[in-house]
Structure formats: structure tokens, C-alpha cells
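Here's the letter readout for the chains.
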Amino acid sequence: MIEKEKLSDTDSIYNYYDGNKILGYLEIRLVDGVIDIMNLFVNEENRHQKIGTLLMNEMINKEEYNKIMLEVNEKNSIAIKLYTKLGFKEISVRDRYYGEDTAIIMEKVKM
């Protein structure tokens, strides 16, 4: 089950529950029609169960937005594959954003 929790006027978190236990969450910030993905996390033992996809789809279908932005470590191929599958496109990079690793900046524009 996924529940949305409003943290402030701009910040929300989508929690994925199994009973009372949170297995993953998606933290977002919505300002002027732009959603920034702050964090997408799934417990290590619950990965590869489509929880990240479910959280992202829930947010995409429930929020009013013009575009969604995110940064992802260039070495996080699993996340990049997920975001690409959901329609995100690479628009830029930030060298050494994650220590020595580069961040890929991606966006999804609402059609």
C-alpha cells in the first residue's frame, strides 16, 4: 500500500507499506509546476520487487506538474533503467557531483 504524507507546502513523501513496515519511499519537492525527486529509496532486501516503479507511477499519476527533474549517479544503472522506462530523458551532467562520480540530470515533461 502506498500513502502520501505532506511534509510542508512544497515537500511530500510517498511511503510504500507492507503492514506497518515501510519498505521504500519517494521524497519529492513541488515548486511552480516542477517536481524535484529528492530521494527514492527501497530497503535492500526488498529491491527488485517493482516497489520503486510503483512509487514513481503513483506520484506521476497523482501530482499536478509540468515536468519532473532528478539527478542520478552515472554508476546507478538500475535507477537509470527505471527512469528511462518511465519516460525520463538525460538533459545534462554534473561532473564529480557524487564525489568522483558524475550525476546525470534527467527530466520528464508532462505530455
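Structure: see above.
Residues numbered from 1 in each chain as written. Predicted model: local features only at pLDDT ≥ 70, side-chain atom pairs only at ≥ 80, totals over all residues. Heavy atoms only, no water.

**Concerning the packing of aromatic side chains**
Put simply, the rule is: Note on aromatic pairs: the rings of Phe, Tyr and Trp (six-membered ring only in Trp) are paired at centre separations within 6.5 Å, and the planes decide the class, stacked below 30 degrees, edge-to-face beyond 60, tilted for the rest. Note on conventions: DSSP H or I runs of at least 4 residues are helices, E runs of at least 2 residues are strands, and numbering of each starts at the N terminus. Remark: exposure states derive from per-residue accessible area (1.4 Å probe, protein chains only) relative to the maximum for the residue type, with buried under 20%, exposed over 50%, and partly exposed in between.
Tallied over the entire structure, the rule returns 2 aromatic pairs. Between the aromatic rings of Y25 and F41, the centroid separation amounts to 5.6 Å while the plane-to-plane angle is 35°, which identifies the pairing as tilted. On the criterion of sequence distance, the pair formed by Y25 in strand 3 (residues 21-31) and F41 in strand 4 (residues 34-42) is long-range, its members being 16 residues apart. Judged by its relative accessible area of 24%, Y25 is partly exposed.

**Details of the pairing of strand 6 (residues 89-98)**
Remark: a regular strand shows side chains that alternate across the two faces of the sheet. Our working rule: Think of it this way: DSSP has to see at least two bridges between two strands before they count as a pair.
Of the strand pairs in this sheet, strand 6 and strand 7 (residues 101-109) are connected by 6 bridges, and their pairing is antiparallel. Bridge pairing in strand 7 places V93 opposite I104. Where strand 6 folds back on strand 7, the antiparallel hairpin that results is connected by 2 residues, among which G99 adopts a positive phi of roughly 65°.

**A closer look at the nonpolar core**
What counts here: Here, nonpolar core means buried Ala, Val, Leu, Ile, Met, Phe, Trp, Tyr and Cys residues that are tied together by side-chain atoms lying within 4.5 Å of each other. Every residue pair with non-hydrogen atoms within 4.5 Å of one another is taken to be in contact.
Residues I37, M56, M59 and Y83 are the most contacted members of the largest nonpolar core, which totals 25 residues. Of all elements in the fold, only strand 2 (11-18), strand 3, strand 4, helix 1 (51-62), strand 5 (67-73), helix 2 (77-85) and strand 7 reach the threshold of two or more residues within this core. Ranked by the residues each element gives to this core, the list is headed by helix 1, at 5 residues. Aside from chain neighbours lying at most four places away, what touches M56 is L26, I37, L40, L82, Y83, L86 and F88.

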